[in-house]
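Per-entry structural report
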Amino acid sequence: MATTPTTISGQVETYDVATSRHVVAASLLAWLLDACDFFIVLFTLDDVARSFHASLETVLLAPTLTLLTRPIGAFLCGHAADRYGRKPVMITTIVVYSTIEILSAFAPNLMIFLLLRTVFGIALGGEWGVGTSLIMESIPPSWRGTASGLLQAGYPGGYLLASLVFLLLPFIGWRGLFILGGSAVLAAVYIWLRVPESPEWLRRKHTQNTGTASAPGMWFIVRNNAALCAFAITLMAAFNFMSHGSQDLYPKVFLGLERHLSHPSITLIVVIYNIAAIAGGLFFGMLSQKITRQYSIALAALLALPFLPLWALSHSAFWLAFGAVCVQFCIQGAWGVVPAYLSELSPASVRATFPGLAYQCGNLIAASNALLQTGLASWFGTGLAPAMMLTVGAASLVVLTLILLNARLYGRYHAVQ
């Protein structure tokens, strides 16, 4: 049995390599399938609207309600994982969102469908934080940068998978796609069979049970670390404006309606820049193991800026694709460091709650991105390009500034092992 010895605070700890690989693979699979289920909804909005004889604007409530309940899931699932363990909560979360995905296929009316998508948001919001804590507490510290990039690559990977699954729409309909999305439950089976509980959580639980220490709760952490909490939420809001600002309106509205590209051209560009996003997450995740988390994020955010004019102001499909590849490589590259960064920034007793809640609260703030960009475009009277550049550029600068200003505080929580 291969093991990896690691020295932490003067103590030598060993990690089983095979087990560590299973933990990374299982958490990646869970986040990838979670993201895939979410994107299936976005791809089938018009089909759902026709099926329920509703307007597209009404059906758009589905992803909106999902996003609104994600912070609730991050808190509830994270708190449960900090108290009862990462593994059982992770399995429960996956089973819940897989079940809801299947039930959505049998929704008899739009009201039930929207209710199910609201509950889906709770499971969606809880999975990321719990999976992040399970990975970062179960693998050697020298793996964390790469594992962080792999985990975050699950999001664009889910986008790609949903794009491929969407090709089956003419054959099985939108309800069939939702039933197929329920196969994510296989990730829960994988975790149940091959992934052990976080060893760090088990040690901390044992210490609490023996009465030698008590773990501070989430509200105690918030009261005594207000600046840290405000920093994390603000940072994640900027991160989400950076990613959603570069993705949400770009394919259909910008490339399709404003640049008049054909559907095959748009599809090809989306596939290429999602592959670049995966590569960027892996690259900057691994780089963070060498130059520290904060400087890897700062570098990725900085490098995105000079590519924004090419990404938004070009008119040919080739240069638009090239710009999108470069921008997504950098933006998702910065995102690739986030799981490790937030996990190592988090107080140990709330490691399943803090990262996920900060992420989802930031995402909630950035939910106004589409309205902001379309509002700016209308105000400028020049189309989406300047609005997208302003939104993504400002968000990148905020990420860069916050990361560098917080470098000293961050250093107190983490030194790359």
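Note that the structure is a prediction, hence the values are computed from the model and not measured.

Considerations on the overall build of the protein
Counting secondary structure elements, the protein contains 23 helices and 2 strands. The buried share of the protein, reckoned over its 417 residues, is 57%. Contacts in the protein between residues far apart in sequence, at least 24 positions, make up 82% of those at least 6 positions apart. Counting every atom, the protein has about 17100 Å² of accessible surface; 71% of that belongs to carbon and sulfur.

Focus: the side chain of S396
With respect to the secondary-structure elements, S396 resides in helix α22 (residues 384-405). When residues no more than four places from it in sequence are discounted, the contact partners of S396 are M242, A301 and L305.

Observations concerning the nonpolar core
Residues F113, F239, Y250, W311 and V399 are the most contacted members of the largest nonpolar core, which totals 120 residues. If we skip the residues at most four places from it in the chain, Y250 touches L255, Y273, W311, L320, A324 and M388.

Some remarks on the packing of helix α15 (residues 263-291) against helix α16 (residues 293-304)
One can describe the packing of α15 onto α16 by two numbers: an axis separation of 7 Å at closest approach and a directional angle of 130°. The angle between α15 and α16 places the two elements in the oblique class. For α15 against α16, the interelement crossing comes out right-handed. Across from F284, L287, S288, Q289 and I291 in α15, the residues of α16 making contact are R293, Y295, S296, L299, A300 and L303. Its residues placed into classes, the contact of α15 with α16 shows 7 nonpolar, 3 polar and 1 charged.

Regarding helix α10 (residues 185-194)
Buried residues of α10: A187, A188 and I191, and no others. Down the axis of α10, the buried side of the element spans an arc of 105°, and every buried residue falls inside it. When the buried face of α10 is taken as reference, the exposed residues oriented beyond 90 degrees from it are L186, W192 and L193. On the buried face of α10, the contacting elements are α1 (17-43) and α5 (86-105).

Observations regarding the packing of aromatic side chains
A complete count under the given rule lists 25 aromatic pairs for this structure. Ring geometry for F283 against F284: centres 5.0 Å apart, planes inclined by 85°, an arrangement best described as edge-to-face. Accessibility expressed as a relative area gives 42% for F283, which makes it partly exposed. Ring pairs connect the aromatic residues W31, F38, F39, F43, Y155, Y159 and F166, which therefore count as one cluster.

Points about unusual backbone geometry
With a phi angle near 55°, H53 is a residue other than glycine that sits in the positive phi range. Following the sequence through the fold, H53 ends up in the loop between α2 (45-51) and α3 (56-59). Positive phi is not limited to glycine here, since H260 has a value of about 55°. Tracing the sequence through the fold places H260 in the loop between α14 (250-258) and α15.

Here we look at a nonpolar patch on the surface
The grouping of I291, Y295, L299, L303 and L404 at the surface amounts to a nonpolar patch, some 390 Å² of accessible area in total. In terms of residue count, the dominant contributor to the nonpolar patch is α16 (3 residues). Looking at the element boundaries, I291 is found in helix α15. Under the relative-accessibility criterion, I291 is labelled partly exposed at 31%.

A closer look at the pattern of salt bridges
For the coordinates displayed, the defined rule picks out 8 salt bridges. Across the pair D47 and R50 runs a salt bridge whose closest N-O atoms are separated by 2.7 Å. Taken together, the residues D47 and R50, both in helix α2 and 3 residues apart, mark about one turn of the helix. D47 sits in the buried class, given a relative accessible area of 15%. When the shortest N-O distance is used, the salt bridge between R204 and E200 registers 3.4 Å.

Some points on the confidence of the model for the protein
Residue-level pLDDT values for the protein average 85, and 90% of them are 70 or greater. Note on residues 7-12: pLDDT is under 50 here. Beyond four places in sequence and across chains, it has 8 contacts. For residues 412-417, every residue scores under 50 in pLDDT, and the model assigns this stretch 13 contacts once sequence neighbours within four places are set aside.

Cut-offs applied
Residues numbered from 1 in each chain as written. Predicted model: local features only at pLDDT ≥ 70, side-chain atom pairs only at ≥ 80, totals over all residues. Heavy atoms only, no water. Helix = DSSP H or I, 4+ residues; strand = E, 2+ residues; numbered from the N terminus. Buried < 20%, exposed > 50% of the residue type's maximum accessible area, 1.4 Å probe, protein only. Contact = heavy atoms within 4.5 Å. Areas by Shrake-Rupley, 256 points an atom, 1.4 Å probe, with all protein chains shown as cover. Core = buried A, V, L, I, M, F, W, Y, C linked by side-chain atoms within 4.5 Å. Axes fitted to C-alpha atoms, helices over the stretch in contact; angles between N-to-C directions. Parallel < 35°, antiparallel > 145°, perpendicular 65-115°, else oblique. Left-handed = near helix turned anticlockwise from the far one by under 90°. Nonpolar A, V, L, I, M, F, W, Y, C, P; charged D, E, K, R; others polar. Arc of directions from axis to C-beta. Phe/Tyr/Trp six-rings, centres within 6.5 Å; stacked < 30°, edge-to-face > 60°. Patch = residues over 30% accessible without salt bridge, like charges linked within 9 Å, V, L, I, M, F, W, Y side chains within 5 Å. Salt bridge = Lys/Arg side-chain N within 4 Å of Asp/Glu carboxyl O. pLDDT = per-residue confidence, 0-100.

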